[in-house]
Amino acid sequence: MLNEIAPRSGVAFTLDKGQRLRVIDPHGEQVADLLAFRRNDVREVISSGRTLDYASRIYLTTGDPLYSNRSNVLLRIIEDTVGRHDFLLTPCSADTFRIIYGDANPHRGCFGNLEAALQPYGITADDIPVAFNVFMNVALDGKTGALRVDPPLSRAGDYIVFEAEEDLVIGLTACSALQSNNFKFKPIHYEILD
Ligand SMILES: [Zn+2]
């Protein structure tokens, strides 16, 4: 069954070990922030630092595992039609919009959307780490380390598939940051495959 996440919103759901999650960009150039927690102990969560350390790369794609803060593999990427995602930056938030864009009344962003969606699972704001930012296109200057957020490379219908290696709680958004989504907010589609 295909599910839709409305623009600038987020959801949470469970994913069983062995199930697959397909995240689809239906219109193109739209980011989805993804979090995964171990279901029976949500203090275990995906870790950008450990994953990038063990991969020795910042761009992850088909075959790459997403490790937890306890160095267990929670998810593995098994298909990827885009090949450019980000695992450096935190979910966009009211603070992001205040600090970067100078918004006086900022949207709660992916961070607020994830906090609200994950609350029924006993997960709080302080438990939210760097998300795996599906389709987010962060370009790096290899010499200075300067970051630049470019439009996603995803086109309409592009997708990525993750396989769960543990029983998980997943948080997933249609990202709310202007620059990350080429200045247009679109929905995200996802489906769970047995
Ligand atoms: Zn966002």
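Let us look at the structure shown here. (Residues numbered from 1 in each chain as written. Predicted model: local features only at pLDDT ≥ 70, side-chain atom pairs only at ≥ 80, totals over all residues. Heavy atoms only, no water.)

Section: the sheet that holds strand β5 (residues 65-67)
With respect to topology, six strands assemble into an open sheet ordered β1-β12-β3-β10-β6-β5, the strand pairing being antiparallel. Each edge of the sheet is formed by a strand with only one pairing partner; in this case those strands are β1 (3-5) and β5. Each strand of the sheet is rotated relative to its neighbour by a mean of 25 degrees, with strand direction disregarded. Alignment of strand β6 (residues 73-80) against strand β10 (residues 158-164), held across five bridges, turns out to be antiparallel. When the sheet's bridge partners are listed, Leu-75 is paired in β10 with Ala-164. (Pairing = 2+ DSSP bridges. Helix = DSSP H or I, 4+ residues; strand = E, 2+ residues; numbered from the N terminus. Axes fitted to C-alpha atoms, helices over the stretch in contact; angles between N-to-C directions.)

Some words on the layout of surface pockets
The volume enclosed by the largest pocket comes to roughly 260 Å³. Lining of the largest pocket is provided by 15 residues; of these, Leu-89, Thr-90, Thr-96, Met-136 and Ser-180 occupy positions nearest its centre. Partitioned by chemical class, the residues of the lining of the largest pocket number nine nonpolar, five polar and one charged. (1 Å grid on protein atoms, 1.4 Å probe; cavity = no way out; pocket = protein on both sides within 12 Å on 5 of 7 lines; lining within 4 Å. Points joined across faces, edges and corners; volume = space filled by probe spheres on them. Nonpolar A, V, L, I, M, F, W, Y, C, P; charged D, E, K, R; others polar.)

Overview of unusual backbone geometry
Positive phi outside glycine occurs at Ser-71, with the angle close to 65 degrees. You can see Ser-71 is positioned in the loop between β5 and β6. A positive phi angle, close to 65 degrees, is found at Phe-183, a residue other than glycine. In this fold, Phe-183 is placed in the loop between β11 (168-173) and β12 (188-193). The exposure class of Phe-183 is exposed, given its relative accessible area of 55%. (Buried < 20%, exposed > 50% of the residue type's maximum accessible area, 1.4 Å probe, protein only.)

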